[in-house]
Amino acid sequence: MELAGKRVLISGAGRGLGRTLVGAFLAAGASEVLAGTRNDEARDSLQREFPERVTPVQLDVTSDADVDAVARLGTVDILINNAGIAGYGNPLTMSFDDVERELAVNYLGVLRLTRAIVPAMIAQRDGMIVNVATAFAKVNLPLVGSYCATKAALLSLGQAMRAHLADDGFRVITVMPTTFDSDMSR
């Protein structure tokens, strides 16, 4: 897909991979990057670093209000589902609230955001959805076992999306990076 002139939405754009993707899409010629973050500090920082063609937006993927507000900003050509969190420890003994939060962000948040954004993409009969999972979606890393399980669910969801959207001119891919230097991996 040619990236020049495309409008891109990236969730989890405040730091790590998401922030790197903002710069990469700009360098590739995207016309605008909607950079979704959960806090004012991240949005202010993005605006300072990328003063042109980046629109920092409030986006907590667990919030219907945030997701609906972003969807009202208009059609995007590429949706990058990057927001994610990881809990550490034994899934059998770690806080159940932490497990539920991982599921809410890493799986349900992707589904919530995609369902809000896709109708406009379908209307234009073109689009790309990129779901950011992890290689550990296929081989669980027990230190972050629950996180890996949510990303395995995301991998499966991406396969379903691909099947259901193929006739509408969509490309749906799931990328599965391994560990890289980020706040999450530290």
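Everything below is about the structure shown above.
These lines cover the structure that appears in this document, whether it is placed above or below. Predicted model, so just to flag it, every value in this text is computed and none were measured. (Residues numbered from 1 in each chain as written. Predicted model: local features only at pLDDT ≥ 70, side-chain atom pairs only at ≥ 80, totals over all residues. Heavy atoms only, no water.)

A closer look at the overall build of the chain
Then comes step 1: Tallying secondary structure elements over the chain gives five helices and six strands in all.
Then comes step 2: Along its sequence from the N terminus, the chain presents helices and strands in the succession β-α-β-α-β-α-β-α-β-α-β.
Then comes step 3: Relative to its length of 186 residues, the chain is compact, with a C-alpha radius of gyration of 16 Å against a globular reference of 16 Å.
Then comes step 4: Summarising its shape, the C-alpha atoms of the chain cover approximately 45 × 40 × 30 Å along the three principal directions.
Then comes step 5: The buried share of the chain, taken over its 186 residues, is 44%.
Then comes step 6: The contacts of the chain with a sequence gap of at least 6 include a subset with a gap of at least 24, amounting to 67%.
Then comes step 7: Summing over all exposed atoms, the chain offers an accessible surface of approximately 9,100 Å²; the carbon and sulfur share of this is 55%.
Then comes step 8: Computed over 18 positive and 21 negative side-chain charges, the separation of the two mean positions in the chain equals 3 Å. (Helix = DSSP H or I, 4+ residues; strand = E, 2+ residues; numbered from the N terminus. Rg over C-alpha atoms; globule rule 2.2 N^0.38 Å. Buried < 20%, exposed > 50% of the residue type's maximum accessible area, 1.4 Å probe, protein only. Contact = heavy atoms within 4.5 Å. Areas by Shrake-Rupley, 256 points an atom, 1.4 Å probe, with all protein chains shown as cover. Lys, Arg positive; Asp, Glu negative; His and termini not counted. Charge placed at Lys NZ, Arg CZ, Asp CG, Glu CD.)

Regarding the nonpolar core
Then comes step 1: Judged by nonpolar contacts, the single largest core of 24 residues is most densely connected at L9, L59, L113, I117, I129, M161 and L165.
Then comes step 2: At the level of secondary structure, the elements contributing two or more residues to this core comprise α3 (64–71), α4 (96–123), α5 (145–165) and β6 (170–175).
Then comes step 3: Here the element with the most residues in this core is α4; it accounts for six residues.
Then comes step 4: If sequence neighbours within four positions are ignored, M161 has contacts with V110, T114, I129, N131 and V172.
Then comes step 5: Counting 18 residues, the second largest nonpolar core, distinct from the first, contains V8, L26, L46 and V130. (Core = buried A, V, L, I, M, F, W, Y, C linked by side-chain atoms within 4.5 Å.)

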